[in-house]
Structure formats: structure tokens, C-alpha cells
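# Notes for the structure review
If you want the building blocks of each chain, they are given just below.
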Amino acid sequence: MKNTFGQSLQVTIFGESHGPYIGAVLDGLAPGLDISDEFIKSQLELRRPSGAISTARVEADEYVIASGAFNGKTTGTPLCILIPNTNTRSKDYDKAGRVARPGHADFTAMCKYHGFEDYRGGGHFSGRITAAIVAAGAVCIDALSKKGIIIGTHINELSDISDISFKDYASKNNVDIKDVLDTVNKKKFAVLDDEAGSKMEQAILDAAKDSDSVGGVLETAIVGIPSGVGEPWFDSAESILSHILFSVPGIKGVEFGAGFDMVNKRGSEFNDPFRNENGTVVTSTNHNGGINGGITNGMPIILRCAVKPTPSIYKKQQSINLNTLENADIEIEGRHDPAIIHRARVVVDSVCAIAIYDMLASRYGTDYFTN
Ligand SMILES: Cc1cc2nc3c(=O)[nH]c(=O)nc-3n(C[C@H](O)[C@H](O)[C@H](O)COP(=O)(O)O)c2cc1C
């Protein structure tokens, strides 16, 4: 499937950056889920650009639910969310002199769609489309939270500045990771250490001043997920999550638990010892990130995503003319984010929620979520 993800719950996304609408269809949702306007709007607000650390293209994201909801609840039939594009400036993408933006999808889109693609503002490849994923994901985040499953993401690294990890913050402050997520999920610039956050914001401004961009690493925790969810091979919990995470534009790496750091550890250090705590099986460390053999073990799923520096930068770069394929320099116009990461964080929460919802519905059936 090209623009559809999932098995028991399927999400289809559609639209282009400068077309009339973007949107998403969720098929397979349980009947009776809350559709909270307030929550969907607050999630869209977390993605919306603001200030000099983001693009100047600010969209109101006044979405319409075209089908699948009645009296504030899902009906169980396809839920279609439409979001109009209202703040477009297509003259910045003049076809006559089109030069491929290095790092963006202009060249590969032309190879695949033979020049018929709507290239304005990056078309179907634009970060703009992620607004639809956030609106759809909000419905799943809400449904999961009513089952005690909470998802949250913070900016773990940006340039050479680090935020404290979820695990270290929770043990330092003697709090549950779930409480940490509740706090971080309300923050527009999602960090646990606000001092590190100010330095990160300054690094984004410095890159923008230099006509450049920066990337970083997001850390996500999914807590409250029952053990026994996932499949042993091709639909392992890691495969499903990384499939949808790698679909997010700009994500170039995904690791679980201790991730690539594990190569420097021995089995005796890396294994997570099992314990019985008051009748519940837990592990005393979580280097495996809550997944063994593709199946959840009941510990928090911990994952990290590498987010690349925004490809559209204002520095002069070498490229090719898309009409003639001759070498050409590019000086990009248009409005762009000097960093994607702080806006991508809620997109990551949203896609994780869609994947986890799908895995749970596959395991327990659609009605598992009915309120
Ligand atoms: C929330 C969000 C905002 C983005 N904003 C921009 C942007 O302003 N300019 C840009 O060139 N790329 C932006 N991107 C990234 C591009 O869409 C992405 O790099 C491009 O489609 C190529 O895909 P790839 O990086 O996954 O290979 C954004 C991505 C996200 C998730």
C-alpha cells in the first residue's frame, strides 16, 4: 500500500502542501471513541510553527470531520479529517527555473511521478502533511490514554546540546516516567531540562542566522502497554513502529532501548533481569526498550529517532535543473523551518499512537477500545 498504513486500524493520508486540502482517513476505529475537539486542537497547536525557530508559514489548521463521527463519538465507519491549506505562496516554486533542493524529495518525486507531481511547497512530501497525521493521531492518543497507555517525546539532543533522558530524570526526581510524560506533553518546546532547552533554541536561531539548519534526536516513551503485544517476525513491535516512524519526513534513524550503544556492552551488562514485584513481572533495567522477540514485555517502550537538519536552507548549494538535468546552483526561496525536530516531536507521538492502537486492536479486537 502506498499511502495507507496498518492492519486492524488503517490510516490513509492524502494531500499536497499547496493543494486545497490535506487530510487523513482512519478506517477500523472502534465505535464510541471520544472525539475531543479540545484535545485535537491542542495537539495541532504543538505542531504549529511559532517564532523565529520555525517557518513563517503558519496555518490555522481549522479541520473538518467529514465522516465517521456523530454526537462527539466515533461511529466505527471511516473517520475522515480534512484540513484546508489557507496560507500558501506558490510563486516561490516557479516551474520554469526549477532546481532540485538537495536533501529534499524534488528529484526523487520527479523520477517516480514523471513530472506530473504537484511540486509546490514540496507537494505530497511536505512536512505540512504531518498536520493530518497529528489530527488522526490525537484520536488514537486519546483512546490509548483511556486504557492507561501514555506516549510522550522530548528533544534528547540538538546539535551538541543534550537534555536529560526520561530514565535519568525519573530516577533523579524519584517520579514515575508516566508523570514525566504528562509534564513534557504540555510543553511547546519539549525538553525536561529547560536550561538545555534555551540553549537548543539559541542553536536553532544561530543556524537560521547563518542561512542553515540543525537536526537532533528525539526520545519517546510509551508506558502502560500490556505484555504480549506484537508478533515474532515481520510484524514485530519494532518493525511496526519503525515502519511508521520512517514514514515521517526527515526521520533517518530509529533505535530501541539502549540502541546502538549496546555494541559496547557484554550480555551480563545488557540483559534486563526479570523480577516479580507484588505479583507483576518487571525487569530491573530496560536496555531492550520493552520489547523481546518482537513482543512487548510490559516495560515502557523506549525509542529514539534521529531527525535530520531541514533540507531547505538559504545558503547557495550545488544541484541540477529538473527540466534540463544540467548542473545548476540553487538559492532557495519559500518559508522553511530552520529545525524540524521541535515540531516533529508531536508527529512522532501521533504515529506511535496509530501503530500501538493497531497492534492492540489486532491482538484484542476492535471493541477493546469502545468506551
Ligand atoms: C513537521 C515537519 C516540518 C518540516 N518542515 C520542512 C521545511 O520547512 N522545509 C524542508 O525542506 N523540509 C521540511 N521537512 C522535512 C521534509 O519534508 C523532508 O526532509 C523531505 O520530504 C524529504 O524526506 P526525507 O528527509 O525523509 O528523505 C519537515 C518535516 C516535518 C516532519
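Keep in mind that this is a model prediction, so the values were computed, not measured. (Residues numbered from 1 in each chain as written. Predicted model: local features only at pLDDT ≥ 70, side-chain atom pairs only at ≥ 80, totals over all residues. Heavy atoms only, no water.)

### Focus: the overall build of the protein
Counting its secondary structure elements, the protein contains 9 helices and 18 strands. For 371 residues, the compact-globule formula gives about 21 Å, and the C-alpha radius of gyration of the protein, at 21 Å, lands near that figure. Summarising its shape, the C-alpha atoms of the protein cover approximately 70 × 50 × 35 Å along the three principal directions. Buried positions account for 51% of the 371 residues belonging to the protein. Sequence-distant contacts in the protein: of pairs separated by 6 or more residues, those separated by 24 or more amount to 72%. On the protein, roughly 17,300 Å² of surface is accessible, and the fraction owed to carbon and sulfur atoms is 51%. (Helix = DSSP H or I, 4+ residues; strand = E, 2+ residues; numbered from the N terminus. Rg over C-alpha atoms; globule rule 2.2 N^0.38 Å. Buried < 20%, exposed > 50% of the residue type's maximum accessible area, 1.4 Å probe, protein only. Contact = heavy atoms within 4.5 Å. Areas by Shrake-Rupley, 256 points an atom, 1.4 Å probe, with all protein chains shown as cover.)

### Looking at the sheet that holds strand S4 (residues 64-67)
Across the sheet, which stays open at both edges, the 5 strands sit in the order S1-S2-S3-S7-S4 with antiparallel pairing between neighbours. The two strands at the open ends of the sheet, each matched to only one other strand, are strand S1 (4-5) and S4. Where S4 and strand S7 (residues 79-84) come together, 3 bridges link them in antiparallel fashion. By the bridge assignment, Ser-67 is partnered in S7 with Cys-80. (Pairing = 2+ DSSP bridges.)

### Some details on the nonpolar core
Generally speaking, a soluble globular protein has its nonpolar side chains buried in company with each other. Counting 80 residues, the largest nonpolar core has Ile-222, Leu-241, Leu-245, Leu-303, Ile-356, Tyr-357 and Phe-369 as its most contacted members. Of the residues forming this core, the biggest block, 15 residues, is contributed by helix H9 (residues 341-364). Apart from the residues lying within four places of it in its own chain, the contact partners of Ile-222 are Ile-149, Ile-150, Ile-151, Leu-241, Pro-300, Ile-301, Leu-303, Cys-352 and Ile-356. One finds Phe-166, Ala-190, Ala-221 and Val-223 within the second-largest nonpolar core, a separate group that totals 12 residues. (Core = buried A, V, L, I, M, F, W, Y, C linked by side-chain atoms within 4.5 Å.)

### Section: the site of the ligand
Of all residues adjacent to the ligand, which total 16 residues, the nearest are Phe-125, Gly-250, Lys-308, Ser-312 and Asp-337. Here an oxygen atom of the ligand sits 2.9 Å away from a polar atom, N or O, in the side chain of Lys-252. Taking His-336, its side chain carries an N or O atom lying 3.0 Å from a nitrogen atom of the ligand. Here the ligand has 630 Å² of accessible area as a free molecule, and 89% of this is covered by the chains. Within the shell around the ligand, the residues separate by chemical class into 4 nonpolar, 8 polar and 4 charged. (Near = heavy atom within 4 Å. Polar contact = N/O pair within 3.5 Å; in protein donor to acceptor, adjacent residues only side chain to side chain. Nonpolar A, V, L, I, M, F, W, Y, C, P; charged D, E, K, R; others polar.)

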